[in-house]
Amino acid sequence: MPELIAPTARLHSSWLEAHAEWHPGAHQDGAGMRLAEAEAFASPEVFAAWVGRLREQSDRTRPLAEGWVHATHWWIVEDGQYVGAIDLRHELNDFLLRAGGHIGYSIRPSARRRGLATWALGAVLPEARALGLDRLLVTCDDDNIASARTIERNGGVLEDVRETEIGLKRRYWITL
């Protein structure tokens with residue numbers, strides 16, 4: 001049975017195994033990888049520091065760099081193994097409103113097509129409600145049928161499909 005946990009350095013080896021399944025340079029939505037250099041993740045010290053930054057990003061008392069918003073990160077874990085990530089951005093800046101949305105998620109390639117993303121998105125919706133959000137913007141690439149179905153299964157209503165600085169995006173709103 002899957003569970004959402006706070007990022008932890010204890011899953012370093014499992015995370016590295018999952019990361020190796022992605023093609024080089026792939027963006028892993030919801031993983032917070034922009035907070036560290038991916039090449040350095042092999043180092044336990046660098047990995048632990050990155051995990052610390054992921055956890056700190058949810059602390060609303062901590063100031064963030066220009067253009068960043070507070071976000072809560074979870075790892076999707078099954079049988080003690082890292083299988084994916086999901087994050088909840090506490091608010092939308094201009095970029096997130098145009099293209100990124102409130103939530104990002106990704107599932108390691110070998111764990112896809114089992115409903116994990118649908119489950120994880122559903123599990124995060126009460127967390128968004130607890131933050132005081134009444135609706136969420138969730139986006140996906142226009143050609144990502146699996147992600148579109150994940151969003152729709154969680155109540156997403158398509159607003160539009162638009163060209164953004166990161167490609168053609170389907171934009172859904174989920175009312176909480």
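Predicted model, so just to flag it, every value in this text is computed and none were measured. (Residues numbered from 1 in each chain as written. Predicted model: local features only at pLDDT ≥ 70, side-chain atom pairs only at ≥ 80, totals over all residues. Heavy atoms only, no water.)

*Asks:* Which parts of the structure should I look at to understand the overall build of the protein chain?
*Replies:* Broken down by element type, the protein chain carries five helices and seven strands. Each helix and strand of the protein chain, placed in order from N terminus to C terminus, yields the pattern β-α-α-β-β-α-β-α-β-α-β-β. Taken over the C-alpha trace, the protein chain has a radius of gyration of 15 Å; the compact-globule value for 176 residues is 16 Å, and the two agree within 12%. Taken along the three principal axes of its C-alpha coordinates, the protein chain extends 40 × 40 × 30 Å. Burial status across the protein chain gives 47% buried among its 176 residues. Long-range pairs, those at least 24 residues apart, make up 60% of the contacts in the protein chain between residues at least 6 apart in sequence. Surface exposure of the protein chain reaches about 9,200 Å², of which carbon and sulfur atoms provide 50%. Averaging the locations of the 20 positively and 25 negatively charged side chains of the protein chain gives two centres separated by 4 Å. (Helix = DSSP H or I, 4+ residues; strand = E, 2+ residues; numbered from the N terminus. Rg over C-alpha atoms; globule rule 2.2 N^0.38 Å. Buried < 20%, exposed > 50% of the residue type's maximum accessible area, 1.4 Å probe, protein only. Contact = heavy atoms within 4.5 Å. Areas by Shrake-Rupley, 256 points an atom, 1.4 Å probe, with all protein chains shown as cover. Lys, Arg positive; Asp, Glu negative; His and termini not counted. Charge placed at Lys NZ, Arg CZ, Asp CG, Glu CD.)

*Asks:* Just to check I follow, could you spell out the pairing of strand β2 (residues 71–78) for this structure?
*Replies:* Residues in a regular strand project their side chains so that they alternate between the two faces of the sheet. Of all eight residues that make up β2, eight are buried, and the element is covered over most of its length. Residues A71, H73, W75 and V77 point to one face of β2 and T72, W74, I76 and E78 to the other, with burial holding for every one of them. Bridge analysis of strand β1 (residues 3–5) against β2 gives three bridges, and the strand direction is antiparallel. Looking across to β2, one finds that E3 is bridged to V77. As defined by bridge partners, β2 adjoins strand β3 (residues 81–89) across eight bridges and the pair is classed as antiparallel. (Pairing = 2+ DSSP bridges.)

*Asks:* Explain the packing of aromatic side chains here, please?
*Replies:* Describing an aromatic ring pair means giving the distance of the ring centres and the angle of the ring planes. Under the counting rule described, the total for this entry stands at ten aromatic pairs. Measuring from centroid to centroid gives 4.8 Å for W15 and F41, while their planes differ by 80°, and the two rings are edge-to-face. Of this pair, W15 sits in helix α1 (residues 12–20) while F41 sits in the loop between α1 and α2 (44–56), placing them 26 residues apart in sequence. With 6.3 Å between their ring centres and 85° between their planes, F41 and F47 make a pair best called edge-to-face. By way of ring pairs, the aromatic residues W15, F41, F47, W50, W75 and Y82 are connected into one cluster. The ring centre of W22 lies 4.9 Å from the NZ or CZ of R112, which sits over that ring. The ring of W173 has R135 lying over it, and the distance from NZ or CZ to the ring centre is 3.7 Å. (Phe/Tyr/Trp six-rings, centres within 6.5 Å; stacked < 30°, edge-to-face > 60°. Lys NZ or Arg CZ within 6 Å of the ring centre and 35° of its normal.)

*Asks:* What is the right way to read the environment of S106 from this model?
*Replies:* Residue placement: S106 occurs in strand β4 (residues 103–107). Distance from S106 to E159, taken between C-alpha atoms, is 22 Å for residues 53 residues apart in sequence. With near-sequence residues (within four places) excluded, S106 lies in contact with W22, Q28, D29, I76, V83, G84 and A85.

*Asks:* How do you make sense of the pattern of salt bridges when you look at a structure like this?
*Replies:* Opposite charge on two side chains permits them to pair, given that their charged atoms come into close proximity. Applying the stated criterion across every chain yields a total of eleven salt bridges. The shortest N-O distance in the salt bridge between E21 and R108 comes to 2.7 Å. Pair noted here: E21 is in the loop between α1 and α2 and R108 is in the loop between β4 and α4 (116–130), with a separation of 87 residues, a long-range link. Among the residues examined, E21 registers a relative accessible area of 30% and is labelled partly exposed. Residue R108 is classed as buried on the basis of its relative accessible area of 10%. Here R171 ties to D160 by a salt bridge, and the two come within 3.5 Å at their closest N and O atoms. Pair noted here: R171 is in strand β7 (residues 167–175) and D160 is in strand β6 (residues 157–164), with a separation of eleven residues, a long-range link. (Salt bridge = Lys/Arg side-chain N within 4 Å of Asp/Glu carboxyl O.)

*Asks:* How do you make sense of a nonpolar patch on the surface when you look at a structure like this?
*Replies:* On the surface, a cluster of nonpolar side chains totalling about 220 Å² of accessible area is made up of L158, V161 and L168. Mapped onto the elements of the fold, L158 is located in strand β6. (Patch = residues over 30% accessible without salt bridge, like charges linked within 9 Å, V, L, I, M, F, W, Y side chains within 5 Å.)

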